[in-house]
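Secondary and tertiary structure notes
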Amino acid sequence: MNSLIFRTIAPLLVVVMLVFSVFVMLRGHNEPGGGFIGGLIAASAIAIYGMAAGPAAVRVALKVDPLAIAGLGVVVAGLSGLLSLAYEVPFLTGLWGFFHLWGTDVAISTPMTFDIGVYLVVLGTIAAVVLGLEEGE
Amino acid sequence: MDASLDIAVAAIALVPLLAAAAAPWLVRAVGAGAGWLLAAVPAASFAFLCTLLPEVAGGGRVAAALGWGPAHGLALSFLVDGLSLTFALTIAGIGAFVLAYSGAYLAGHRHLGRYFSFLLLFMGAMQGLVLADSTVALYAFWELTTVASFLLIGFDHSRQAARRAAIQALVITTLGGLTLLAAGVLMQQLTGAWELSSLGAIDLRAHPAYGAILVLVLVAAFTKSAQFPFHVWLPNAMEAPTPVSAFLHSATMVQGGVYLLARLSPALGGTPEWSAALIGGGGLTLLWGAVAALRQTDLKQMLAQTTVASLGLLVLLIGIGTEAAIMAAVLYFVAHALYKAGLFLVAGIIDHETGTRELPDLGGLRRPLAVTFVAAVLAAASMVGLPPLVGYLAKEEMYLALLGDAGLQLLLLAVLVAGNGLLAAVALTVALKPFLGPLPPLPKAPHEPPVAMLAGPVTLGVLGLMAGVATGWLGEWIVSPATLAIAGAAHGHLVLGLDPFGLLFWLSVLTWAVGGLVTWRLEAIRAVLRRWAGAIGWSFDKGFDAAMFGLIRLSAAVTHLWHHGRLELYLVVLFLMLALATIVPLWSLGGLPVWPEAMDLTFYEWGTVLIAVIGVATVVAARTRLFAILALGIQGFAVALLYLLFGAPDLSFTQFMVEILSVVILTLVMTRLRLDKQDLRVFEDLLRDGGLAVLCGLGITALLFAVLQGELDPLLAEFFNANSAPVAHGHNVVNVILVDFRGLDTLGEISVVMTAGIAILALIRGARRDVPAPPPKPPARRRRRAATGAAA
């Protein structure tokens with residue numbers, strides 16, 4: 001893409017999209033959103049950055065192979081399920097912890113970490129495919 | 001039941017498996033001497049099993065069980081009765097000698113640790129097989145012996161012949177493993193018990209499914225015990241190191257089928273079908289193996305063929321099924337295990353010390369290998385059936401079992417005399433030819449082998465002698481309890497000594513005469529047999545290869561039929577199936593929906609529909625593919641809008657993102673993979689694809705209408721709405737279902753997503769490597785091949 005405007009705006013857009021994707025993922029349990037959609041938004045951000053700056057720049061920015069991110073996602077999701085072993089409940093049983101931090105209630109749970117896993121898988125896989133295609137000459 | 005006894009019995013099978021894991025480290029630590037240390041494992045099992053002898057000899061049985069799958073009524077149950085104890089003692093005893101022997105035989109071998117691992121793995125599996133009372137455990141151990149045998153036959157995996165033999169043994173014995181599983185499940189369904197000892201709950205012989213069970217069990221036993229026509233794998237298995245042949249392929253694993261038949265004989269035996277199959281199969285195998293042995297010149301090959309024959313003999317005796325016949329079978333099993341393992345170990349010594357196993361090249365070893373010679377003579381004397389060795393007892397007992405004047409008995413007697421005579425000839429040849437005569441030039445100068453290698457054959461030979469002398473002891477402790485377990489009765493009579501005026505003695509003399517005669521004319525007989533085999537030109541071994549190639553060709557044909565590599569045909573099939581799957585059930589079951597008469601839509605709903613229609617019309621009218629892809633995005637956005645309007649924000653959200661990414665990725669695919677810019681389909685193809693598209697559209701529409709017009713079951717919706725917030729702490733039901741209620745599904749899905757990503761990357765990279773230069777634009781008629789290339 002040779003549009004100067006696009007190349008200038010893209011990094012800003014990418015930052016906003018990535019933050020938004022995390023926001024969408026985290027609100028997913030109670031509002032529309034979730035790991036899958038969040039991952040798609042993040043992957044779109046990566047795709048946009050790839051179009052603007054070239055896939056090589058994206059790889060530098062990512063630091064790790066996108067497929068490794070996907071793999072980490074599967075591991076995170078799987079471990080969220082395995083945590084139930086420690087409490088002697090069936091695999092993937094949701095475990096919740098409610099904390100009162102800085103004047104607000106925060107819920108940390110295995111469904112949340114599971115959703116983070118989903119987010120990472122979607123992000124990593126689509127980013128890998130998109131980058132692979134963008135690199136194709 | 002005493003818990004420590006449960007564990008002790010289970011340990012006989014399980015400790016060797018643990019030792020298998022430790023063996024490589026042990027070898028690294030102490031070298032070849034590890035053989036002696038590891039031999040302590042079966043030796044300890046042997047000692048423990050001996051402590052069970054008094055109880056079993058008294059007619060008792062020792063049952064032991066560990067919890068396994070209590071929810072499914074499964075226990076890791078073991079049963080020690082006369083039959084399993086006889087087998088277990090054989091396995092432990094011979095196993096100890098084989099382990100010690102192997103340490104010296106393979107001293108300095110690069111993969112000695114791995115070898116010991118495989119051998120111990122097998123030992124544990126075999127002990128489990130003969131001790132198991134649970135059918136499931138029996139099957140598991142059965143398959144484990146198959147796997148261990150595969151690994152051991154293919155141990156020298158750099159040789160093609162070893163690999164082929166390993167695969168052949170695996171294929172044939174796994175076939176039997178599967179039928180054993182089927183038989184076990186079938187019997188469990190009929191009797192309600194997983195335990196072999198509980199099979200007598202109903203009379204299986206009278207059940208209509210008896211035929212099926214019998215065939216399944218017979219295939220299992222015949223493949224494992226190398227019965228005709230499954231015998232081919234056993235001679236080929238001689239590719240394994242010689243101690244392995246001595247252990248697995250003469251004394252233990254191949255006896256698994258015999259064990260199975262003996263074990264199931266009380267539940268399934270005694271019918272005409274059973275007798276016919278076992279006597280016919282066993283008798284044929286006996287003669288086949290005995291004749292085939294004469295054709296060989298390789299020591300191990302000769303012994304392997306006689307093993308086939310001996311297995312046939314055992315199957316035949318079990319098929320006869322009388323108390324005397326079973327007693328003969330038990331005696332013969334013991335005698336065979338002692339002398340055959342001994343002879344194999346002797347063959348290994350000869351090979352190890354001289355560098356050859358070819359009979360014509362050998363001779364004169366009586367002086368350099370004097371101790372080995374003694375062991376060989378002891379074993380061979382037992383195999384020939386000379387008094388006072390245990391082989392003589394076994395032979396007398398089997399003739400006794402068949403004495404009678406009925407036609408069948410006479411025929412079987414003739415078969416037995418002929419078979420035993422031929423086996424005697426092989427025994428004489430194997431034990432005498434390498435040792436007598438002048439010493440020819442040999443690849444290596446022979447020396448007496450180390451104690452580790454001599455201990456086995458000498459002890460086994462002496463045991464064969466002792467068992468033949470101490471007949472009372474043998475009968476009381478081993479033969480009677482085992483006969484009792486198989487035949488249900490035992491009267492503990494063993495023919496003692498020789499009666500020169502009895503018919504039995506003269507049958508033995510006849511056997512020896514046959515053996516002596518054949519030994520004398522062996523060269524001529526071998527030449528004739530080889531000429532015949534050459535004239536026939538076909539063998540079961542070649543038949544096996546032909547069957548395997550046929551199988552490969554068949555699977556290749558099936559694969560090519562369905563996996564032809566033409567992307568558009570895959571898509572045609574997929575969409576055709578989609579259309580059929582939606583339309584046919586609705587139509588045939590009378591569920592076709594009524595076309596709604598009036599559409600009561602608001603203006604913005606009409607607007608959304610209009611957007612969708614415009615999108616689809618543009619796709620159809622688009623000149624270039626890139627344009628069509630973009631237009632498809634418009635249609636997708638309209639669908640997302642619909643979701644939004646009808647209260648599914650999550651779906652809508654996802655749909656928007658998927659549409660955007662689809663357009664981006666498809667555009668990238670179009671531009672990067674150099675696909676044709678234009679749609680090059682000819683008219684007929686357009687007609688076909690268009691028709692399919694219309695059909696699919698109609699099908700989906702009909703399905704949606706049918707769903708809307710039918711009654712919706714609100715059970716799930718109510719459940720999720722009611723439980724989402726209080727149980728799963730989430731108000732977004734869709735998300736809660738995804739990450740909590742149906743989390744396992746999602747876990748599977750994300751794994752698939754990642755795997756698909758890896759596959760796509762491989763395709764992209766492959767395509768990049770395979771297409772170095774832009775291909776010339778194909779003319780319209782040839783576009784199919786171009787599409788195939790792009791898909792690849």
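Residues numbered from 1 in each chain as written. Chains lettered and ligands numbered in written order. Predicted model: local features only at pLDDT ≥ 70, side-chain atom pairs only at ≥ 80, totals over all residues.

Turning to the overall build of chain B, a few remarks are in order. A tally of helices and strands in chain B yields 30 helices and two strands. For 792 residues, the compact-globule estimate of 2.2 N^0.38 gives 28 Å, and the C-alpha radius of gyration of chain B, at 35 Å, exceeds that figure by more than 25%. Projecting the C-alpha coordinates of chain B onto the three principal axes gives extents of approximately 115 × 60 × 60 Å. Counting only residues that meet the buried cut, chain B has 44% of its 792 residues in that class. (Helix = DSSP H or I, 4+ residues; strand = E, 2+ residues; numbered from the N terminus. Rg over C-alpha atoms; globule rule 2.2 N^0.38 Å. Buried ≥ 20, exposed ≤ 12 C-beta atoms within 10 Å, placed from the backbone.)

Time to look at the overall build of chain A. When its secondary structure is counted, chain A shows five helices and two strands. Seen in sequence order, chain A has helices and strands lined up from the N terminus as α-α-α-α-β-β-α. Taken over the C-alpha atoms alone, chain A extends approximately 55 × 35 × 25 Å along its principal axes. Scored against the burial criterion, the 137 residues of chain A give a buried share of 45%.

Counting 210 residues, the largest nonpolar core has L152(B), V217(B), L317(B), A328(B), Y332(B), A379(B) and A380(B) as the members making the most contacts within it. Counting residues per element, this core draws most heavily on helix α13 (residues 323–354) of chain B, which supplies 23 residues. Setting aside chain neighbours within four positions, we find A380(B) in contact with L343(B), A427(B), L428(B), V430(B) and A431(B). Counting 55 residues, the second-largest nonpolar core is a separate cluster that includes V24(A), M25(A), V130(A) and A638(B). (Core = buried A, V, L, I, M, F, W, Y, C linked by C-beta atoms within 7 Å. Contact = placed C-beta atoms within 7 Å.)

The next point concerns the interface of chain B and chain A. Contacts between the two partners involve 38 residues from chain B, matched on the other side by 43 residues from chain A. Residue assignment for the side of chain B that touches chain A shows that the elements contributing at least two residues are α25 (649–672), α28 (733–741) and α29 (743–770) of chain B. Broken down by element, the residue count for the side of chain B that touches chain A peaks at 14 residues, all from α29(B). In terms of residue class, the side of chain B that touches chain A is built from 24 nonpolar, ten polar and four charged. (Nonpolar A, V, L, I, M, F, W, Y, C, P; charged D, E, K, R; others polar.)

For the rest of this paragraph, the subject is the confidence of the model for chain B. Residue and element names in this part refer to chain B. On average, residues of chain B carry a pLDDT of 86, and 95% of them reach 70 or more. Across residues 774–792, where pLDDT falls below 50, the model places 17 contacts with residues more than four positions away in sequence or in other chains. What the predictor reports for the complex is a pTM of 0.73 with an ipTM of 0.93. (pLDDT = per-residue confidence, 0-100.)

Looking now at the packing of α13(B) against helix α15 (residues 390–402) of chain B. All names here are of chain B. In contact at an axis separation of 8 Å, α13 and α15 are set at 155 degrees when each is read in the N-to-C sense. When the axes of α13 and α15 are compared, the pair comes out roughly antiparallel. Helix-helix and strand crossings are classified by hand; for α13 and α15 the assignment is left-handed. Contacts between α13 and α15 pair A324, A325, M327, A328, L331, Y332, V334, A335, L338 and Y339 from the former with V390, G391, L393, A394, E397, M398, L400 and A401 from the latter. A per-class count over the contact of α13 with α15 returns 16 nonpolar, one polar and one charged. (Axes fitted to C-alpha atoms, helices over the stretch in contact; angles between N-to-C directions. Parallel < 35°, antiparallel > 145°, perpendicular 65-115°, else oblique. Left-handed = near helix turned anticlockwise from the far one by under 90°.)

Take helix α2 (residues 34–57) of chain B next. Residues and elements named next belong to chain B. When the terminal C-alpha atoms of α2 are compared, their 35 Å separation across 24 residues agrees well with the 34 Å that a helix rising 1.5 Å per residue should span. If you look at α2, its biggest bend is around 30 degrees, right at T51, and the proline P54 turns up within four residues after that. For α2, the set of buried residues is A34, G35, L38, A39, V41, P42, S45, L49, L52 and V56. After α2 finishes, the residue G59 shows a positive phi value of roughly 90 degrees. (Expected span 1.5 Å × (residues − 1). Bend = angle between axes of the 7 residues up to and from the residue.)

Let us now look at the packing of helix α3 (residues 82–105) of chain B against helix α4 (residues 112–131) of chain B. Residue and element names in this part refer to chain B. Closest axis-to-axis distance for the α3/α4 pair is 9 Å, and the angle between their directions is 170 degrees. Between α3 and α4, the angle falls in the class roughly antiparallel. The segment α3 lies against α4, with S84, F87, A88, I91, G95, L99 and S102 engaging Y115, L119, M123, M126, Q127, V130 and L131. Per-class residue counts for the contact of α3 with α4 are ten nonpolar, four polar and no charged.

Our focus in this paragraph is the pairing of strand β2 (residues 74–80) of chain B. All names here are of chain B. Judged by how many residues are buried, β2 sits mostly within the fold: six of seven residues are covered. Relative to β2, strand β1 (residues 62–69) runs antiparallel, the two being bridged by seven bridges. Paired with G67 across the bridge in β2 is A75. A loop of four residues connects β1 with β2, the two strands running antiparallel in sequence, and G73 in this loop sits at a positive phi of about 70 degrees. (Pairing = 2+ DSSP bridges.)

In this section: helix α27 (residues 715–728) of chain B. All names here are of chain B. Here α27 spans 18 Å end to end across 14 residues, near enough to the 20 Å set by a 1.5 Å rise per residue. The principal kink in α27, of about 30 degrees, is found at A722, preceding the proline P726 by one to four residues. Where α27 ends, the next residue or the one after it, H729, has phi of about 55 degrees, a positive value.

Here we come to the environment of L695(B). Residues and elements named next belong to chain B. Among the secondary structure elements, L695 is positioned in helix α26 (residues 683–709). The exposure class assigned to L695 is partly exposed, which follows from the 17 C-beta atoms found within 10 Å. For the pair formed by L695 and T582, sequence separation is 113 residues and the distance between their alpha carbons is 9.6 Å.

Looking now at unusual backbone geometry. Backbone torsion omega between F228(B) and P229(B) reads 0 degrees, so that peptide bond is classified as cis. For P229(B), the location among the structural elements is in the loop between α7 (210–224) and α8 (233–236). Residue P388(B) is reached from P387(B) by a cis peptide bond, and omega for that bond is 5 degrees. Along the polypeptide, P388(B) turns up in the loop between α14 (370–384) and α15. Notably, L92(A) is not glycine yet its phi reads approximately 70 degrees, a positive angle. Among the secondary structure elements, L92(A) is positioned in the loop between α4 (66–82) and β1 (96–101). For L92(A), a count of 24 C-beta atoms within 10 Å corresponds to the buried category. Even without being a glycine, A226(B) presents a positive backbone phi close to 55 degrees.

Turning our eyes to something else, we now look at the environment of L120(A). All names here are of chain A. Looking at the element boundaries, L120 is found in helix α5 (residues 110–135). Residue class for L120 comes out buried when judged on the 28 C-beta atoms lying within 10 Å of it. Separated by 45 residues in the primary sequence, L120 and V75 place their C-alpha atoms 10.0 Å from one another.

With that out of the way, let us pick up the environment of R553(B). Residue and element names in this part refer to chain B. Note on placement: R553 falls in helix α21 (residues 540–562). Taking the number of C-beta atoms within 10 Å as the measure of exposure, R553 has 10 and is therefore exposed. When the C-alpha atoms of R553 and A100 are compared, they prove to be 45 Å apart, with 453 residues separating the residues in sequence.

Before going further, it helps to examine the confidence of the model for chain A. Looking at chain A as a whole, the pLDDT averages 89, with 98% of positions reaching at least 70. Confidence, expressed as mean pLDDT per element, reaches its minimum in chain A at β1(A) with 84 and its maximum at α4(A) with 93.

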